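# Coordinate inspection notes
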Amino acid sequence: MDLWQRAKGFAEEAAKRSQEISKEAAKRSQELTKGAAKFSQEFVSETAKKSKEIASEAAKKADLLRSEALRAAEQIKTLTVDLPIPMPSTVGQASNAAVVPEPGSDLERFGVTEELREFVKGITISTFRDFPMQDEPETSDVPTVSNVRQDLNEWQARHATLVLSTVKEISNFRYELCPRYMKERKFWRIYFILVDSHVAPFEKQYMEELKKKEEQKQIDSVKENPTALPPTAPDAKETELPKSSTSLTAEDLDAFLLGDLGSDDEGLDDGKDGLDDDFDKIGSTSILPLFDAYAAMLRGRAILSSPFPFLSSLFFSASASSASYSFCKRKPPYHPSLKPPVAKKIPFTCSAHGRTWEDPYRWMSDTGDPDLVDYLGRENAYADSFMADTFDIRRSLVGEMKSRMPDKFLAYTLDISGNESFTLQVKDLHSGHVIPNSKVEGVVSLAWAEKDMSCCMDITSTKDGKFITINSNSRTSSEEGQDVSFQDMDIFHGHLVLSIQQKGLPLFCSIDIPMSVNSEQPIKLENLNPWFFPVPSCLCSIVAGSNHDFMSSIYRVMPDIIVDYDMGKREFTILHQEEVVGLTEKGESDSYGVAFPFIFTITKSKKDESLEDGQQQSWTDLSEAFSCERIEVVSHDGFMVPLTIVRPQKAKHTNQSPGLLHGYGAYGEVLDKSWCSDHICLLSRGWVLAYADVRGGGGEGSLHQSGTRACKMNSIYDFTACGMYLVNEGFVHKNKLAAIGCSAGGLLVAAAINIYHSLFSAVILKVPFLDICNTMLNPCLPLTILDYDEFGDPRNQADFEIIHHYSPFDNITQGCYPSVLVTASFHDSRVGVWEAAKWVAQVREKTCPTCSQSVILKTNMSGGHFGEGGRYIHCEDVAFEYAFLIKAMGMLDDEKQSHYYQMDSFGKKC
């Protein structure tokens with residue numbers, strides 16, 4: 001009855017407030033009439049008419065509010081007659097209680113399956129203790145019922161209860177960890193992240209059923225009470241039950257229910273919108289949270305839907321846009337006067353496996369639609385406007401990059417159609433002319449598809465040119481060992497050369513042949529007496545040179561350093577090391593006048609400790625300028641993710657540095673960590689560059705397979721774990737971490753920001769694969785069938801549910817997203833241009849309208865997947881990306897005040 005008394009009191013207070021509103025409305029209308037009389041009789045007449053209409057409308061709203069509040073109070077009385085108030089159970093009671101069998105259908109409905117039971121057997125208590133999760137601000141305690149915190153939504157709470165009573169491993173972990181090592185909230189957050197791929201389909205199905213019930217209930221309500229205003233169609237997100245982080249005490253309930261309606265209308269009226277503007281404020285600031293909070297409390301106990309559908313819909317339109325984002329936490333960079341383009345929407349319903357969803361931007365997949373060209377043009381104009389204030393920094397960055405090009409000739413391939421058929425040309429960089437007779441047509445690694453569309457054939461020749469070799473392979477058919485992965489091989493008269501990856505590091509080794517092996521079992525590499533080629537420490541990239549002489553015992557590697565390895569004598573000779581222009585032995589400006597805020601020096605003749613006795617070879621070393629270290633980061637399931645960190649020596653663990661995290665994680669490809677002089681532009685400004693070798697990419701053992709298909713979420717959690725590590729360990733400031741992903745790497749990064757909005761402050765997605773669910777459902781698109789091995793075949797329901805769960809396009813949620821630069825190419829034959837365009841349009845529609853102004857789309861209207869090519873064009877593209885990062889981090893003003901702002905496009909001081 002106490003609850004009934006509160007509800008009744010609330011209804012009486014609401015009625016009282018509504019009468020006050022009516023009186024205030026009448027008073028305001030009279031004041032408006034008197035004031036208007038001073039100007040003209042005609043204006044007075046119009047004002048009086050308007051004020052009467054406003055007063056009448058206000059009275060109607062007040063009457064509706066009063067009657068609905070009284071009716072709701074009666075509903076509450078009925079609902080609370082037999083409403084049980086659950087009492088918290090102690091830990092001891094839970095641990096000693098007998099396990100009560102649950103109905104099999106109930107267990108299945110809430111995701112407690114045999115697959116889940118098998119999965120949790122592989123989880124250890126260390127998985128929870130070492131989980132890379134950022135600490136949250138302290139919140140007031142939340143009631144715990146049957147050892148399950150009530151800040152979970154209804155499905156999660158029921159699942160957790162069933163798990164504790166039927167899965168002893170989780171019950172034991174919770175007993176051991178809570179509250180001694182972690183709070184209940186953190187335990188369940190970690191748990192649901194760990195089991196996400198196993199339980200998400202069940203939760204989604206439950207929520208969809210709940211949504212349908214809610215819609216039907218509202219329809220029935222309208223039928224029963226046809227005089228009431230029709231409820232607004234509920235947003236999809238309204239069906240997700242609230243995850244409250246605070247409890248409602250009796251005093252809190254009073255404050256929540258009664259509030260302070262008068263505070264919204266204090267002070268002078270702005271004179272612009274009239275009384276209706278002030279009245280609408282009530283809906284957006286007081287009434288809606290009041291009803292939603294009370295409904296949430298009831299739902300958390302026993303009721304599945306709001307007892308106030310009428311009031312919720314009455315004020316929803318007034319509050320939806322303002323209430324969601326009135327407390328935007330980000331401080332987006334300067335916005336141009338030009339507003340972001342709004343893409344048109346054409347209704348289109350997709351369906352698969354009994355599920356339907358809307359895709360209003362489906363029309364963008366027709367590249368022949370002139371509206372698409374127009375939209376991309378407007379997006380390009382907006383991107384240029386957004387980046388207009390970065391013109392000078394881009395000019396300086398291009399100048400810095402060009403100044404580090406000491407080459408005399410440039411050999412390059414040119415694709416003028418975007419179909420990846422190239423022409424080889426050689427250009428004299430001093431004269432700027434292409435060397436005559438240097439053109440070679442059709443230069444490309446030939447790959448022809450077999451009848452089996454999941455396989456490709458690579459065609460090449462032997463060293464003497466007498467034979468053609470054909471290698472048929474798929475994206476999952478390469479052999480991998482437990483410790484190393486084999487990338488390539490080469491055969492000589494007396495030696496076998498293997499290119500391998502060991503713990504993410506590139507290595508070469510030679511084995512003398514013929515080999516004396518008498519075993520029918522596989523032989524380990526170390527048993528073949530291999531010679532691992534000595535390389536500089538922390539080497540991230542090394543490739544084979546041109547080694548065509550079958551009879552030679554010399555093997556050459558490159559590119560940053562050219563070394564000849566004598567496989568017979570097991571010695572090596574350094575032939576050339578690329579000069580790093582812009583860094584000097586004196587640590588001062590170089591001949592181009594480029595100075596740096598950090599003093600960088602080059603250490604020469606440093607002997608490598610890995611060399612064998614008697615060898616005096618040495619490498620030119622940049623360790624005085626930069627630090628390169630490789631560490632391992634604990635992921636969500638205990639997997640150790642290799643993370644390579646490059647930073648200026650003076651930008652140590654200060655918690656102040658900006659940072660850029662690279663990721664790819666697909667097709668078994670090793671993340672490119674090769675040195676590029678362009679990186680100096682960021683490193684010299686104090687940036688930290690990091691490279692996460694997440695699962696799904698290449699490396700030792702099963703690194704690839706454990707990040708594909710049903711295990712794809714591993715890639716995403718690996719990446720976010722690395723981002724959190726950089727922040728938590730002080731490498732990067734918590735508000736200055738950026739991320740970059742290209743192609744399938746764009747899928748990785750975009751999926752990560754859907755889960756953790758606030759982890760990254762800026763993101764670059766280059767020709768990204770974002771609409772994976774819709775794309776993989778279309779086998780007619782290029783690469784779709786090949787990608788079945790990598791991501792799964794969504795024509796299979798299990799694969800579909802997993803793909804749909806992490807699809808970047810399908811999982812954009814409300815909230816504040818980081819600043820994002822998305823690049824696309826109109827003639828991309830690998831990733832359709834519509835992938836980027838649809839994602840940007842969806843982000844603009846669903847996320848914070850303030851933050852989404854910092855999401856820009858830049859489309860190359862003439863290039864393919866790899867852009868237009870050309871080194872100078874590459875410099876301009878990279879300068880655009882770096883300038884975007886600098887602006888997004890709020891560092892543009894500091895940049896303008898520095899010496900960089902004074903450089904022209906050739907790196908000379910102005």
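Given the structure is predicted, the values throughout are model-derived calculations rather than measurements. (Residues numbered from 1 in each chain as written. Predicted model: local features only at pLDDT ≥ 70, side-chain atom pairs only at ≥ 80, totals over all residues. Heavy atoms only, no water.)

For the rest of this paragraph, the subject is the overall build of the protein chain. Assigned secondary structure in the protein chain consists of 24 helices and 28 strands. Within the protein chain, the proportion of its 910 residues that are buried is 48%. Of the contacts made within the protein chain by residues no fewer than 6 positions apart, 67% connect residues no fewer than 24 positions apart. Here the protein chain has roughly 45000 Å² of accessible surface; of this, 53% comes from carbon and sulfur atoms. (Helix = DSSP H or I, 4+ residues; strand = E, 2+ residues; numbered from the N terminus. Buried < 20%, exposed > 50% of the residue type's maximum accessible area, 1.4 Å probe, protein only. Contact = heavy atoms within 4.5 Å. Areas by Shrake-Rupley, 256 points an atom, 1.4 Å probe, with all protein chains shown as cover.)

Contact pair helix α7 (residues 154-166) / helix α8 (residues 168-177): the axes reach a minimum separation of 6 Å and the direction vectors enclose 100°. By the angle class used here, α7 and α8 are roughly perpendicular. Contacts from V163, L164 and T166 of α7 reach α8 at K168, I170, S171 and R174. Looking at the contact of α7 with α8 residue by residue, the classes come out as three nonpolar, two polar and two charged. (Axes fitted to C-alpha atoms, helices over the stretch in contact; angles between N-to-C directions. Parallel < 35°, antiparallel > 145°, perpendicular 65-115°, else oblique. Nonpolar A, V, L, I, M, F, W, Y, C, P; charged D, E, K, R; others polar.)

Turning our eyes to something else, we now look at the sheet that holds strand β12 (residues 495-502). Within the open sheet, the four strands sit side by side as β11-β12-β13-β14. Their pairing is antiparallel. One side of each edge strand has no neighbouring strand; the edge strands of this open sheet are β11 (484-491) and β14 (531-532). As paired strands, β11 and β12 are joined by seven bridges and run antiparallel to one another. The partner of S485 across the bridge, within β12, is Q501. (Pairing = 2+ DSSP bridges.)

Applying the stated criterion to the full structure yields 23 aromatic pairs. Ring geometry for F128 against F173: centres 5.8 Å apart, planes inclined by 55°, an arrangement best described as tilted. On the criterion of sequence distance, the pair formed by F128 in helix α6 (residues 125-129) and F173 in helix α8 is long-range, its members being 45 residues apart. Each of the two residues, F128 as well as F173, counts as buried. Through successive ring pairs, a cluster of aromatic residues spans F492, F508, W531, F533, Y555, Y565 and F572. Positioned above the aromatic ring of Y872, the side-chain terminus of K402 is 4.8 Å from the ring centre. A cation over a ring is seen here: K838 above F809, with NZ or CZ 4.8 Å from the ring centre. (Phe/Tyr/Trp six-rings, centres within 6.5 Å; stacked < 30°, edge-to-face > 60°. Lys NZ or Arg CZ within 6 Å of the ring centre and 35° of its normal.)

When you line up the elements, H495 lands in strand β12. Side-chain polar atoms of H495 contact the side chain of D512, separated by 3.2 Å. (Polar contact = N/O pair within 3.5 Å; in protein donor to acceptor, adjacent residues only side chain to side chain.)

Attention now goes to the pairing of strand β18 (residues 571-577). When strand β17 (residues 561-566) meets β18, the two strands line up antiparallel, connected through six bridges. Looking at the pairing, I562 lines up with H576 of β18.

Across the junction of C178 and P179, the peptide omega takes the value 0°, indicating a cis bond. Structurally, the position occupied by P179 is in the loop between α8 and α9 (184-194). In this structure, the amide linkage connecting I513 to the following residue, P514, adopts the cis form with an omega of 5°. In this structure, N529 takes a positive phi of about 55° despite not being glycine. Tracing the backbone shows N529 in the loop between β13 (505-512) and β14. For N529, a relative accessible area of 51% gives the class exposed. Its identity as a non-glycine residue notwithstanding, V767 has a phi of 35°, on the positive side. Mapped onto the secondary structure, V767 falls in the loop between β26 (762-766) and α19 (772-776).

A packed helix pair is summarised by two numbers, namely the angle formed by the two axes and the spacing between the axes. Running from amino to carboxyl end, helix α17 (residues 712-728) crosses helix α18 (residues 744-755) at an angle of 70°, the nearest separation of the two axes being 9 Å. Judged by the angle between their axes, α17 and α18 are roughly perpendicular. In this structure, α17 contributes K712, M713, S715, I716, Y717, F719 and T720 to the contact, and α18 contributes L747, L748, V749, A751, A752 and I755. Looking at the contact of α17 with α18, its residues break down into ten nonpolar, two polar and one charged.

Let us now look at helix α14 (residues 370-386). Compared with an ideal rise of 1.5 Å per residue, which puts 17 residues at 24 Å, α14 spans 24 Å between its outermost C-alpha atoms and is within 8% of the ideal. Taken together, the buried residues of α14 touch α22 (833-846), β28 (855-860) and α23 (871-888). Its side-chain oxygen at 2.8 Å from the backbone nitrogen of D371, D369 defines the N-terminal cap of α14. (Expected span 1.5 Å × (residues − 1).)

Mapping A739 onto the fold places it in strand β25 (residues 737-742). Taking the relative accessible area as the measure of exposure, A739 reaches 0% and is therefore buried. Put simply, A739 and H662 are 77 residues apart on the chain and 6.0 Å apart in space, counted from C-alpha to C-alpha. When sequence neighbours within four positions are dropped, the list of residues in contact with A739 reads L660, L661, F719, V749, F760, A762, V763 and I764.

What follows concerns the environment of E441. Relative to the helices and strands, E441 resides in strand β7 (residues 440-441). Residues E441 and Q425, 16 residues apart in the sequence, show an inter-C-alpha distance of 9.1 Å. Here E441 is in contact with F422 and T423, once residues within four sequence places are set aside.

Strand order in the open sheet formed by four strands is β15-β16-β17-β18, with antiparallel pairing between adjacent strands. In this open sheet, the two edge strands, each paired with only one partner strand, are β15 (543-544) and β18.

When you line up the elements, S684 lands in the loop between α16 (679-683) and β24 (688-692). What makes S684 buried here is its relative accessible area of 0%. Within polar-contact distance, the side chain of S684 engages the backbone oxygen of I680 at 2.7 Å.

Turning next to the environment of L505. Among the secondary structure elements, L505 is positioned in strand β13. On the basis of relative accessibility, which here comes to 30%, the residue L505 falls in the partly exposed class. As for L505 and V484, which are separated by 21 residues in sequence, their C-alpha atoms are 9.7 Å apart. Not counting residues up to four positions away in its chain, the partners in contact with L505 are I500, L539 and R630.

The share of residues in the protein chain with pLDDT of 70 or more is 61%, and the mean pLDDT across the chain is 74. Contacts from residues 444-453, a stretch scored under 50 in pLDDT, to residues over four places away or in other chains number 16 contacts. Note that pLDDT drops below 50 for residues 899-910; the model gives that stretch 41 contacts with residues more than four away or on any other chain. (pLDDT = per-residue confidence, 0-100.)

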